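Structure at a glance
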Amino acid sequence: MLLVLAVLGGAVAAGLQAALGLRVEGKDVPAEPTSVAPERAFAPPPRWTTLDVPTGDERLDLAAAELRRASRSAGAPRGTASLRVRHGNAADGDGYAVALRGTRLDLTAPSRAGAVRGVYELAQAVGAGRPLADLAGEHPTSRLPFRMVDLGAAGVTPDPDEWRDGDDYSHRSGAFDDVVLGGPPYVDDAALADASASVERYVEHVLAQGHNAITVPGLLEYVTFADVPGVYEADDEHVARARAMRAAFGPVWQRAHDLGLRVYLRFDMLALTPPLRAYLADRYDLDTEDPRLWEVYAAALDEVYREMPYVDGIVVRVGEAGDVYDTPGLDYTSELAVTTVPAVRAMLTAFTDQAERADREVVFRTWSVGVGAVGDMHTNRESYEAVLGGLDSDRLVVSTKYSLGDFYRHLPYNDTLEVGEHRRIVELQSRREFEGQGALPDDLGVLHQQALQRFVAANPRVEGVWTWTQDGGPWRAGPFSLLLTTGFWQLYDLNSEVAARLAVDPDADVAEATADWARRTLSRDPATVRAVGEALALSPQVIGEGLYVGPYADRRVFALGLEPPPMMWVFEWDILTGDSAVLDVVYAVTRDSADGRDGVETAIREGDDALAGAERMRALVAGTDPASWRDAEVRERFVAALDFQVSLLRMLGAYRAMVLRHAQWLDGEGSREAWSQAREAFGSAADAHERAYAGDLALPAWNLTAARLGLERAERDLPMAWAARGLLVVALGWLLIGALGRVPAARVLWLAGTRPWRAAEAVRDLPRGQRALLVAVPLGLLAASRLVFTWFAAPAHLLAAGLGWLGLVAVLAVAVRLLRADPWPVLAAVGGAVVLRVVLLLVVLAPRGPGGYWFAFWTSPGRRSAYVAVAFVALGWVLVAAAWALRPSVSRRRAAGAAVAAAGGAVVVPALLVALVGLEPALSAWNDQLALLPWGLHRILGLTVYLGVPAGAAWWASAAGAGVMLLGVVLTAAPSRTRQAGTRSRPRLKFSA
């Protein structure tokens, strides 16, 4: 039997190893060699005597107005100049030429687009204090003619109360929440006027930067399904709402289109309303692989383009969806339902066929998180080809993030952008959601330039960029900063401006582009511009080392079938994690990245270097003359952001040292004293950070809840280790006394636990006063060991484990009673086996406490597998011992049946409680108390969603447990067909009173 248990235990260990899938690989991480533009004098603007642009052209009029605005902002004019603009009627290209004849500039272009671009670039040059002579000459057509942006913060009401709690991790912007009403008339006209003005301001801003397309949220909100009878009844409010939305927002999007932006509607699939869901379920069983289902959505697009002809196309994503993007109070939802290759291909075939008919475009985002080809088409060439190969419509544009993952540093460039025959655009993010959410100076110019240069050289089908100016990640769980509206938004607007310039010319001088931004935005003083440039040039190193644990971030780590991001110790955005899974693996990868402890020392030193760099950045900007700035408030915000960065990186540096020193101690490579010193440093830095920034909406203190949960458990590891050692002495002493026969109850537990077939014999002469110890000692050791295992801090785990043992014992007790067997041998056998099981756990806990247990679990495959296998044998032995103890009283089959039923009871009782409470809440409470997985998982993504656990898993486990119990009952209750001669009659089960 032990051999059978050992084989099963080995299989369980192997299955766990495969499920965890922990492995580490190398990767090529791009460097960011920055430079600083040399100082140069600011050339005053001329006074424009004439701006001669073709009449009746609103786009050129707007560009000329931007030139006038830029000239006014550049200071007092010196001299005069005139501009004459003429263009041809070419359909393609946006090149232009400038001829300087004295004080007159002649700007000519083959196309209207070239003329518009030329005037805007002239405005940029004047605003940056460049001499007009710098513009003279030929300006070739843009290398990447398509330059799209998101909606920014247009239409978002800057309500401080929505940011105050700092724990709203919803990814929806809330744009137009004040405009869209829950019922008739569906649109608030007064709010619409304000929102429309904010959209137009944003449109003018991004046009001036050089962008020429915009993606805005929505699809079903504009659709009545008039072409698909049966989706909506005539009086359905969705019909009235769609008409109201078209009437209200149509002019807004048409205005953006008329001013020069191509307009694309953006949505997630599967997009649904309750009536649409019912229609699709009734006819197509919501089967996303059925082409007929997608014809319904194609009809919706026909309607949109007919009623809103200024819409140029759509942007669709299938890789994320759900509540985190839905608008509260409205029943327009999205589901993660397009998850197979046939489903994606069916959708894109229908959409591109429709686009070809309607002369529109379909932008398909490859971003996706999951398992299978659709799940990793964003980062895997083979998966990309499996999903999109052969879809050769010229109306299909594939959009992909520049990095091999999300918008993090320490990631390779995304090589899927180098393959395929599709038109491609590259996604960039200006307000880096994972690198301070726009609160920290973060110059991405060099990183973006290298990416675009690489992709353009490798793939001639790359034709554009999509710059996320504000969007990405949670909007209201971070700094209260909204583009053009609130906070120090200029800090990340730099990246949007430079991205547009690099799209025009990937070989542009990034340092000069940054200096031009500083001249237009911050100061005309050469020394101040130089200081700002030096500070921003330091930011890639400061961010790359301060927010990342370099030796870990520079490796590819795989787990649970996924590739976690390189910044797992911050999970995510502003939550400093404290869980053992992440921190122990970060340490192990860091430790193994170099010889001995050098990897750990390198990681700690990088944190110190980042802090020194941040302090240097602060000194550079604070050392500028306040009078040299265009706006004293902007300078104050810049210095405040740098103060925040110093505070944050001091705390993060102390935290990385503390968690790495703790892991070193768990690993047997470091001292507890080194960890204690690091802990004191972190406590001081964390307290200072929270004192300075708690309640600050613009620069909010980071969330340290998870970090402190982890710290509390780390502080208890050594006391728990000593408690485990004490309990181990007690348990081993009890077993030794039993082996020597000194105490009758100890002797019985020893014999029954190691040789359960002798349990009845051992119990027979046990004094009644000693029998209570058969229960009290195992129960006490079991409870005490579990308290130690959970740091005395996880009642949810104790409840679940306790219910499991209760279910096992309760079913055994019922079986013993119904079988009319003597309960004491069974109690003795189970109790003895439990003591042995407890000893195994205490042996593992004794060296370094629960932290050491989980450290080995996460980082040592050999030790994990050995422990899981032996622990499975020990747990199985409890059931085997119970069956063996029953054997003298009942048949072998009935004894085995009782044990099988008990195993089912051990599963069904806790599983039923979890099912009733809810799997997600139950797992979250358990995880919060044990700090095993990132605390932020439940609050951001959901544990079950991230881990791919089906919502009904607890009910399934309950059903499985009940099935095992039923099998046990059948084995126990079924009468024997024959009875061997000479054997005594076994009592039959009696189920009635």
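So, here is what we can say about the structure in this document. None of these values were measured; they are calculated from a predicted model.

With that out of the way, let us pick up the sheet that holds strand S9 (residues 262-268). As summarised here, the arrangement of the 8 strands in space is S7-S8-S9-S11-S13-S14-S15-S16, forming a closed barrel in which the pairing is parallel. Along the sheet, successive strands turn relative to each other by an average axial angle of 25°, direction set aside. Pairing analysis gives 6 bridges linking S9 to strand S11 (residues 311-317), with the strands arranged parallel. Paired with Asp268 across the bridge in S11 is Arg317.

Rolled over the atoms, a probe as big as a water molecule pinpoints where empty space is left. Applying the stated criterion across every chain yields a total of 10 cavities of 30 Å³ or more. In terms of lining residues, the largest cavity is bounded by 23 residues, among which Gly578, Leu583, His662, Gly710 and Ala714 are the most central. If you list the elements that add at least two residues to the lining of the largest cavity, you get helix H16 (580-591), helix H18 (632-666), helix H20 (705-740) and helix H26 (849-859). Taken together, the residues that form the lining of the largest cavity break down as 14 nonpolar, 5 polar and 4 charged.

A separate point is the packing of aromatic side chains. Applying the stated criterion to the full structure yields 31 aromatic pairs. Measuring from centroid to centroid gives 4.9 Å for Phe176 and Phe249, while their planes differ by 70°, and the two rings are edge-to-face. You can see Phe176 sitting in the loop between helix H4 (161-164) and helix H5 (189-209) and its partner Phe249 sitting in helix H6 (residues 237-259), a full 73 residues away along the chain. Considered together, Phe176 and Phe249 belong to a single accessibility category, that of buried residues. Measuring from centroid to centroid gives 6.1 Å for Phe249 and Trp253, while their planes differ by 20°, and the two rings are stacked.

Of all hydrophobic cores here, the largest spans 202 residues; its most connected members are Leu547 and Phe638. In terms of nonpolar packing, the next biggest core, distinct from the first, is built from 123 residues, Ala64, Val149, Ala153 and Ala191 among them.

By secondary structure assignment, the location of Gly114 is in helix H3 (residues 112-127). Classification of Gly114 as buried rests on a relative accessible area of 0%. Placed 34 residues apart in sequence, Gly114 and Met148 show a C-alpha to C-alpha distance of 17 Å. Those residues in contact with Gly114, other than ones at most four positions away along the chain, are Gly93, Asp94, Gly95, Tyr96 and Ala109.

Turning next to helix H25 (residues 823-845). Residues spaced three or four apart along an α-helix point in a common direction, a consequence of the helix completing one turn every 3.6 residues. The first and last C-alpha atoms of H25 sit 32 Å apart over 23 residues, in line with the 33 Å expected at 1.5 Å per residue. Most of H25 is tucked away: 17 of the 23 residues are buried. The N-terminus of H25 is capped by Asp822, whose side-chain oxygen sits 3.1 Å from the backbone nitrogen of Trp824.

Here helix H27 (residues 861-886) crosses helix H28 (residues 892-917) at 150°, and the two axes come no closer than 8 Å. For the pair H27 and H28, the crossing hand works out as right-handed. For the pair formed by H27 and H28, the contact residues are Leu879, Ala883 and Leu886 on the first element and Ala895, Ala896, Ala898, Ala899, Ala902 and Ala903 on the second. Looking at side-chain class alone, the contact of H27 with H28 contains 9 nonpolar, no polar and no charged residues.

Conventions used here
In every chain, residue numbers begin from 1 and rise along the written sequence. Per-residue local features of the predicted model are confined to residues with pLDDT of at least 70, and side-chain atom pairs are confined, for both listing and counting, to 80 or more; whole-chain, interface and lining totals are unaffected and use all residues. Working from all heavy atoms in the structure, the side-chain values ignore hydrogens and water. Note on pairing: DSSP must find at least two bridges between two strands before they are called paired. The secondary structure listing takes helices from DSSP runs of H or I that are at least 4 residues long and strands from runs of E that are at least 2 residues long, numbered from the N terminus. Angular values range over 0 to 180 degrees, each being the angle between N-to-C directions of two axes fitted as lines to C-alpha atoms, with helices fitted over their stretch in contact. Each cavity reported here is a set of points on a 1 Å grid over the protein atoms alone in which a 1.4 Å probe fits but cannot get out, each pocket an open set with protein on both sides within 12 Å along at least five of seven lines, and each lining residue one with an atom within 4 Å of a point. Grid points are joined across faces, edges and corners, and a volume is the space filled by probe spheres set on the points. Each residue is assigned to one of three groups, with Ala, Val, Leu, Ile, Met, Phe, Trp, Tyr, Cys and Pro labelled nonpolar, Asp, Glu, Lys and Arg labelled charged, and all others, Gly among them, labelled polar. Only Phe, Tyr and Trp rings take part, Trp by its six-membered ring, and two of them pair if their centres are within 6.5 Å. Stacked means planes under 30 degrees apart, edge-to-face means over 60, and tilted covers everything else. Per-residue accessibility, obtained with a 1.4 Å probe over protein chains only, is compared with the maximum for each type, and a residue is labelled buried under 20%, exposed over 50%, and partly exposed between these values. Residues grouped as a nonpolar core are buried Ala, Val, Leu, Ile, Met, Phe, Trp, Tyr and Cys residues, joined through side-chain atoms within 4.5 Å. Only heavy atoms enter the contact rule, under which two residues are in contact if any of them lie within 4.5 Å. In this analysis, the expected span of each helix is defined as 1.5 Å times one less than the number of residues it contains. Each polar contact in these results corresponds to two N or O atoms within 3.5 Å; when the atoms are within protein, one needs to be able to donate a hydrogen and the other to accept it, and residues that are neighboring in sequence are counted only if both atoms are side-chain atoms. Crossing chirality is assigned from the near helix's rotation relative to the far helix, an anticlockwise turn below a right angle marking it left-handed and a clockwise turn marking it right-handed.

Function-wise, these values are silent; they only describe arrangement.
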